[in-house]
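Residues per chain are reported as follows:
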Amino acid sequence: MVERRTGYALSKMPRLIVSRRDDMLRALSALRARYLEMHADSSHQQRGRTFEGLLNELFALFDLSPRKSFVLANEQIDGAFTFSTDDYLLEANGNRIPLVGRM
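Treat the numbers as computed from the prediction; the structure is a model and nothing was measured.

Visitor: How do you make sense of the overall build of the protein when you look at a structure like this?
Guide: Regarding its fold elements, the protein presents three helices and four strands. When the helices and strands of the protein are read in sequence order from the N terminus, they spell out α-α-α-β-β-β-β. Accessible area for the protein stands at about 8,600 Å²; split by element, carbon and sulfur atoms hold 56% of it.

Rendered as structure tokens:
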């Protein structure tokens, strides 16, 4: 019987999935709100640091093992994360003018 092996009755499973989904949506909504708020900061450097933190939280939310910014040979790496068995470096640049319509 499934309930005996897993400790969960089948009737409880959908509620657990919905709960996790709701938690994810709440976390994404909070990150989006903070992303939009960061644009009010007049300091370009502060916006960049805030954005790096938001990216790290986003990567953590999706279990991508984020690593904070670091410096290599006079070059700043804005962040890094792992997907599957591969490591990725992140370079993030912000623009005051939206890129929409520029391509």
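Visitor: Sorry if this is basic, but what is going on with the pattern of salt bridges here?
Guide: A side chain with one charge can pair with a side chain of the opposite charge if their charged atoms come near. One pass over the structure, following the stated rule, counts three salt bridges. We note a salt bridge from D87 to R67, for which the minimum N-O separation is 3.5 Å. One end of the pair, D87, is in strand β4 (residues 86–90); the other, R67, is in the loop between α3 (44–61) and β1 (70–72), and 20 residues separate them in sequence. By relative accessible area, D87 is classed as exposed at 58%.

Visitor: Where do I start with the side chain of T82 in this structure?
Guide: Tracing the chain through its elements places T82 in strand β3 (residues 79–83). Classification of T82 as buried rests on a relative accessible area of 18%. In terms of polar contacts, T82 uses its side chain to reach the side chain of R67, at 3.2 Å. Contacts of T82, omitting those with residues within four sequence positions, involve L64, S65, R67 and D87.

Visitor: It is not clear to me how the nonpolar core should be interpreted in this structure. Could you clarify?
Guide: Soluble globular proteins tend to pack their nonpolar side chains together in the buried interior. Judged by nonpolar contacts, L55, F59, L64, F81 and L90 together constitute the single largest core of five residues. Not counting the four nearest positions on each side in its chain, L90 is found in contact with L55, F59, I77, D78 and G79.

Visitor: Would you mind going over the pairing of β3 with me for this structure?
Guide: In summary, the side chains of a regular strand alternate between the two faces of the sheet. Of all five residues that make up β3, four are buried, and the element is covered over most of its length. In this structure, β3 lies alongside β4, joined through five bridges in antiparallel fashion. Bridging across to β4, G79 finds its partner in L90. Taking the residues between adjacent antiparallel strands as the criterion, β3 and β4 are bridged by two residues, where S84 takes a positive phi near 60°.

Visitor: What exactly am I supposed to notice about the environment of D78 here?
Guide: Locating D78 in the fold gives a position in the loop between β2 (75–77) and β3. Each C-alpha atom of the pair D78 and K68 lies 7.1 Å from the other, and the pair is ten residues apart in sequence.

Cut-off values and rules
Residues numbered from 1 in each chain as written. Predicted model: local features only at pLDDT ≥ 70, side-chain atom pairs only at ≥ 80, totals over all residues. Heavy atoms only, no water. Helix = DSSP H or I, 4+ residues; strand = E, 2+ residues; numbered from the N terminus. Areas by Shrake-Rupley, 256 points an atom, 1.4 Å probe, with all protein chains shown as cover. Salt bridge = Lys/Arg side-chain N within 4 Å of Asp/Glu carboxyl O. Buried < 20%, exposed > 50% of the residue type's maximum accessible area, 1.4 Å probe, protein only. Polar contact = N/O pair within 3.5 Å; in protein donor to acceptor, adjacent residues only side chain to side chain. Contact = heavy atoms within 4.5 Å. Core = buried A, V, L, I, M, F, W, Y, C linked by side-chain atoms within 4.5 Å. Pairing = 2+ DSSP bridges.

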